[in-house]
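Examination of the molecular architecture
If you want the building blocks of each chain, they are given just below.
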Amino acid sequence: MPVAPSPLHVMAGVLRRHDGQVLITERPAGKHLGGCWEFPGGKLDPGEAPRDGLARELHEELGIRLVAAEPMLALPWRYDSKELLLDTWLVVAWQGAPQSLEQQALEWVMPADLAPERLAPADREILRHLLGS
Ligand SMILES: Nc1nc2c([nH]c(=O)n2[C@@H]2O[C@H](COP(=O)(O)OP(=O)(O)OP(=O)(O)O)[C@@H](O)[C@H]2O)c(=O)[nH]1
Ligand SMILES: [Mg+2]
């Protein structure tokens, strides 16, 4: 019997500043969901602990060092051909100012001002969670 591939474990970090703004990044055109905005992160490497994978991705993409983060929402999601677990953490402390190291646009926004349609479909659930509904 065919064995279903296990879902791809993807880490996403919601960097939240003291003023409540969160960081979103734009997926480059040509990639899966190119042009959609998302939370920075990426696929966990085999054998890697979630917090370590999150810290690695945030360092690779933004050049920051993770200081304090906690799990916020583990969201199973299915796009046409791929199934993933979007493991979303709230990041409340980091060192360094986030920079675009992978040519991605960055934007700080208040969750209440963020139009859900701008986000990747799975991330609209994260936004709902942030808005507390
Ligand atoms: N990083 C990230 N990925 C997300 C989010 N929401 C969401 O649906 N994804 C999906 O999760 C999958 C894996 O994310 P990724 O950043 O490692 O994917 P990628 O293809 O850019 O990785 P790669 O090109 O570095 O191998 C992608 O299909 C992406 O569209 C999100 O908020 N953050
Ligand atoms: Mg990524």
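Here the structure is a predicted model, which is why all the values come from computation and not from measurement.

1. A look at the coordination of the magnesium ion (ligand 2)
Donor atoms from the polypeptide that bind the magnesium ion (ligand 2) are G41 (O) and E61 (OE), placed at 2.4 to 2.5 Å. Residue G41 is located in strand 4 (residues 41–43), and its partner E61 is located in helix 1 (residues 50–62); the two are separated by 20 residues in the primary sequence. Taking relative accessible area as the criterion, G41 reaches 10% and is therefore assigned buried. On the accessibility criterion, E61 (9% relative accessible area) is buried.

2. Focus on the sheet that holds strand 2 (residues 22–26)
Spatially, three strands are ordered 3-2-7 in an open sheet, and the strand pairing comes out antiparallel. This sheet does not close on itself; its edge strands, each paired only once, are strand 3 (37–38) and strand 7 (106–109). Of the strand pairs in this sheet, strand 2 and strand 7 are connected by four bridges, and their pairing is antiparallel. Within strand 7, the position partnered with I24 by the bridge is E107.

3. Let's talk about the confidence of the model for the protein chain
Averaged over all residues, the pLDDT of the protein chain equals 95, while 95% of them reach at least 70. Here the complex is predicted with pTM 0.94, and the ipTM for its interfaces comes to 0.91.

4. Side note on unusual backbone geometry
Despite not being glycine, L33 shows a phi value in the positive range, around 60°. As for its placement among the helices and strands, L33 is situated in the loop between strand 2 and strand 3.

5. A few points about helix 2 (residues 121–130)
Within helix 2 the residues assigned to the buried category are A122, D123, I126, L127 and L130. Down the axis of helix 2, the smallest arc covering the buried residues is 150°, so these residues share one side. Residues of helix 2 that are buried make contact with strand 1 (8–15), strand 3, strand 5 (65–78) and strand 6 (83–95). Directly beyond the C-terminal end of helix 2, a positive phi value near 75° is found at G132.

6. Topic: the nonpolar core
Ranked by internal contacts, the top residues of the largest apolar core, which has 22 residues, are V14, I24, F39, L86 and I126. Contributions of two or more residues to this core are made by strand 1, strand 2, strand 5, strand 6 and helix 2. For this core, the element with the highest residue contribution is helix 2, accounting for four residues. The contact partners of I24, leaving out residues within four places of it in the chain, are W37, E38, F39, A105, L106, E107, V109, L114, R118 and L119. Of all hydrophobic cores here, the second largest spans 11 residues; its members include L15, L62, L66 and W89.

7. Digging into the side chain of D123
Looking at the element boundaries, D123 is found in helix 2. Ignoring sequence-local partners within four residues, the contact set of D123 consists of E38, F39 and L86.

What counts, and at which threshold
- Residues numbered from 1 in each chain as written.
- Chains lettered and ligands numbered in written order.
- Predicted model: local features only at pLDDT ≥ 70, side-chain atom pairs only at ≥ 80, totals over all residues.
- Heavy atoms only, no water.
- Donors = N, O, S within 2.8 Å, 3.2 Å for Na, K, Ca; no water.
- Helix = DSSP H or I, 4+ residues; strand = E, 2+ residues; numbered from the N terminus.
- Buried < 20%, exposed > 50% of the residue type's maximum accessible area, 1.4 Å probe, protein only.
- Pairing = 2+ DSSP bridges.
- pLDDT = per-residue confidence, 0-100.
- Arc of directions from axis to C-beta.
- Contact = heavy atoms within 4.5 Å.
- Core = buried A, V, L, I, M, F, W, Y, C linked by side-chain atoms within 4.5 Å.

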